[in-house]
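One letter stands for each residue in the lines below.
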Amino acid sequence: MRWYVSIGVVLVAGILAGGDVAGVAAPNPTNRPGHQLNADSHPLADKDANPTVDVELVLAVDVSYSMDMDELALQREGYAQAILSKEFLQALKSGPNGRIAITYFEWAASTDQKIIIPWRVIDGPETADAVANEIVKTPIRRASRTSISGAINFAMPLFDESPHRGLRRVIDISGDGPNNNGAPVLIARDAALEKGIVINGLPIMVKEPSYSTMDIDNLDFYYEDCVIGGPGSFVVTIKDRDKFKEAIRTKLLLEIAGRTPERPVVPAAGREPRVNCMVGEKIWQDRWGR
């Protein structure tokens, strides 16, 4: 079942009640950009047999030109402050292992993804501070097009390359528009779900949709119907710029604690679709004729 949450619905006390989460881990070296070889790595079998993290979390962050510089700065600050927050650190300790593995990358077009934070373990204030500092010190960039499918396809192999393993594997997609580049989003989403990966969404709806930015009405419905999926998947919608950071913190708390929001959403397969999952591609075709 998938879920929807408005900002302020989730109480920290409820999150800290804990969840049935666990993880498995052991290093698996890779030459993928942004990842370093580990001289103390163990065989893959050990990686799958030794639980050490509660969740492997991939943060996939939109930096397309439809995001203005203020939004990009708020997004960066929001993740950094959320990771440093008392609530986050308390939720971290509520898991059976008290630690998570996290990686953070920015995306735009189908071939444009940049890893900002390679896989890191966060197990307390010091490691949280190191990750937060690395997020905020990296120069902000913008790029063309919006390929949610490209972000999902880039994220999937990151789990295979992770030196850690959790029973929960989560891709967290944030963005302010529909897929308009690369493969259809449903194909990428379904491929991730087949691998047992959960996808959550953070649709950003702080501006009125416009022709110039190719945004759409009801982006939250688009994310619910076309982007998220897997057991307990959910959407946290940002409709107020002043709630940007609070939304990011709420989303991370839910993911770290392995909890779901209170308000359910009927899975897309069980009802009539509310949006066309190819709407972004259609807008691009109508505007540019290609």
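Residues numbered from 1 in each chain as written. Predicted model: local features only at pLDDT ≥ 70, side-chain atom pairs only at ≥ 80, totals over all residues. Heavy atoms only, no water.

Trainee: Explain the state of the cysteines here, please?
Mentor: What makes a disulfide is a covalent bond joining the sulfur atoms belonging to two cysteines. A full pass over the atoms with the stated rule returns one disulfide. Between C226 and C277 runs a disulfide, and the two sulfur atoms are separated by 2.0 Å. A torsion of -85° about the S-S bond marks the disulfide between C226 and C277 as left-handed. A residue pair is termed long-range when its members are at least 10 positions apart, and C226 in helix α8 (residues 219-227) and C277 in the loop between β10 (263-265) and α10 (279-288) qualify at 51 residues. (Disulfide = S-S within 2.5 Å. Helix = DSSP H or I, 4+ residues; strand = E, 2+ residues; numbered from the N terminus.)

Trainee: Explain the pattern of salt bridges to me, please; I cannot follow it from the model alone.
Mentor: If charged atoms from side chains of opposite charge come close, those side chains can pair. Inspection of every chain in the model, using the stated rule, returns 20 salt bridges. Between D112 and R141 there is a salt bridge, with its nearest N and O atoms 2.9 Å apart. Linking D112 in the loop between β4 (100-107) and β5 (113-122) with R141 in the loop between α5 (125-137) and α6 (148-161), this pair joins segments that are 29 residues apart in sequence. Among the charged side chains, a network of salt bridges with common partners joins D68, D70, E71, D176, K207 and R241. (Salt bridge = Lys/Arg side-chain N within 4 Å of Asp/Glu carboxyl O.)

Trainee: Help me understand the nonpolar core in this model?
Mentor: A general feature of soluble globular proteins is that nonpolar side chains tend to end up buried together. In this structure, Y79, I83, F88, Y104, I122, L252 and I256 are the most contacted members of the largest nonpolar core, which totals 39 residues. Of all the elements, helix α9 (residues 244-257) adds the most residues to this core, at seven residues. The contacts of Y104, once residues within four sequence positions are left out, are L59, V61, R76, Y79, K114, I115, I116, I117 and I135. Counting 35 residues, the second largest nonpolar core, distinct from the first, contains A60, I148, L158 and V235. (Core = buried A, V, L, I, M, F, W, Y, C linked by side-chain atoms within 4.5 Å. Buried < 20%, exposed > 50% of the residue type's maximum accessible area, 1.4 Å probe, protein only. Contact = heavy atoms within 4.5 Å.)

Trainee: I would appreciate a short explanation of the environment of A91 in the present structure.
Mentor: Relative to the elements of secondary structure, A91 occurs in helix α4 (residues 86-93). For the pair formed by A91 and E255, sequence separation is 164 residues and the distance between their alpha carbons is 9.4 Å.

Trainee: So what exactly am I meant to see when it comes to the confidence of the model for the protein chain here?
Mentor: Close inspection of predicted coordinates is inappropriate in any region flagged by low pLDDT. Here the protein chain averages 83 in pLDDT, and 78% of its residues register 70 or above. Mean pLDDT values over the elements of the protein chain span from 30, in strand β2 (residues 23-25), up to 98, in β4. In this model, residues 6-45 is a region of pLDDT below 50 whose contacts with residues beyond four sequence positions or in other chains number 107 contacts. (pLDDT = per-residue confidence, 0-100.)

Trainee: Would you take a moment to explain the environment of A108 for this structure?
Mentor: Within the fold, A108 resides in the loop between β4 and β5. Along the backbone, A108 and S147 are 39 residues apart, and their C-alpha atoms lie at a distance of 5.9 Å. For A108, the residues in contact, after removing those within four places along its chain, are S64, A143, S144, R145, T146 and S147.

Trainee: Help me out: how do you make sense of the pairing of β4 in this one?
Mentor: Along any regular strand, the residues point their side chains to alternate faces of the sheet. In terms of burial, β4 is a largely internal element, eight of the eight residues being buried. Sheet topology note: the strand β3 (residues 55-62)/β4 ladder contains seven bridges and is parallel. Bridge pairing links V58 to T103 in β4. One ladder, built from seven bridges, connects β4 with β5; its direction is antiparallel. Residue F105 lies in a different strand from β5, and its bridge partner there is I115. (Pairing = 2+ DSSP bridges.)

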